[in-house]
Amino acid sequence: MRLARREKRRAIDGTIPLINVVFLLLMFFLFAGTIASDPAHKIEPPTTPAEDPADRPDLDILVIDATGAITLRGEMVDLATAARRLIAPGKDGRSAPIRVVADRRLPADRLTDAIAALTAAGAHNIMLITEARR
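I will try to describe carefully the structure that is included in this document.

### Re the side chain of Thr81
- For Thr81, the position within the fold is in helix H2 (residues 79-86).
- For Thr81, the side chain forms a polar contact with the side chain of Asp78, separated by 2.3 Å.

Spelled out as structure tokens, the structure:
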């Protein structure tokens, strides 16, 4: 008795359906990303009027202009006087932060000399106020 030969079953290749699924996901994310817009582009942030720190005599801000002239609380002073007025030890023996606003045209060596003089006078925390660039 002769039995009929069975045909060998081919093994199912699972890579083709996997490629199809990955391709469909790729297409979905491409379309979903282009349809949804970024709402941040439509927002206009609020604006505040620009204020010159030299116009606020109540703030303890040391303002150094392009010529090297120093203003503190709306009054022209020298660096030693400014240091005496600003450096007052607090509870922990350290002085309050000293905020320095310098003109961008001020030579860097004059600014570093002023900061070094404040440090030598006893300032422990000096903050250089700058403008954020956009």
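Don't stop here, the text continues.
### Section: H2
- If you check which residues of H2 are buried, you get Leu79, Thr81, Ala82, Ala83 and Leu86.
- Turning to H2, the residues buried within the fold contact strand E1 (61-64), strand E2 (70-72), strand E3 (75-77), strand E4 (98-102) and helix H3 (108-120).

### Quick look at the environment of Ile126
- Here Ile126 lies in strand E5 (residues 126-129).
- For Ile126, a relative accessible area of 23% puts it in the partly exposed group.
- In this structure the C-alpha to C-alpha distance between Ile126 and Ile115, which are eleven residues apart in sequence, comes to 7.6 Å.
- In this view, Ile126 contacts Ile98, Val100, Ile115, Leu118 and Thr119; residues no more than four positions away in its chain are not counted.

### Let's talk about the pattern of salt bridges
- Here the structure, examined in full by the defined rule, presents two salt bridges.
- Across the salt bridge formed by Arg85 and Glu75, the nearest N and O atoms sit 3.2 Å from each other. Within this pair, whereas Arg85 is found in helix H2, its partner Glu75 is found in strand E3, the two being separated by ten residues in sequence.
- With relative accessibility at 35%, the residue Arg85 sits in the partly exposed group.
- The residue Arg105 makes a salt bridge to Asp103 at a minimum N-O spacing of 3.0 Å.

### Quick word on a nonpolar patch on the surface
- Residues Val21, Leu25, Phe28 and Phe29 make up a contiguous nonpolar surface patch of about 420 Å² in total accessible area.
- Residue placement: Val21 occurs in helix H1 (residues 15-35).
- On the accessibility criterion, Val21 (46% relative accessible area) is partly exposed.

### Observations regarding the pairing of E5
- Relative to E5, E4 is paired through four bridges, and the arrangement is parallel. Paired with Val101 across the strands is Ile129, a residue of E5.
- The β-α-β motif built from E4, the intervening H3 and the parallel element E5 has right-handed crossover chirality.

Parameters and conventions
- Residues numbered from 1 in each chain as written.
- Predicted model: local features only at pLDDT ≥ 70, side-chain atom pairs only at ≥ 80, totals over all residues.
- Heavy atoms only, no water.
- Helix = DSSP H or I, 4+ residues; strand = E, 2+ residues; numbered from the N terminus.
- Polar contact = N/O pair within 3.5 Å; in protein donor to acceptor, adjacent residues only side chain to side chain.
- Buried < 20%, exposed > 50% of the residue type's maximum accessible area, 1.4 Å probe, protein only.
- Contact = heavy atoms within 4.5 Å.
- Salt bridge = Lys/Arg side-chain N within 4 Å of Asp/Glu carboxyl O.
- Patch = residues over 30% accessible without salt bridge, like charges linked within 9 Å, V, L, I, M, F, W, Y side chains within 5 Å.
- Areas by Shrake-Rupley, 256 points an atom, 1.4 Å probe, with all protein chains shown as cover.
- Pairing = 2+ DSSP bridges.
- Right-handed = clockwise from strand over helix to strand, strands pointing away.

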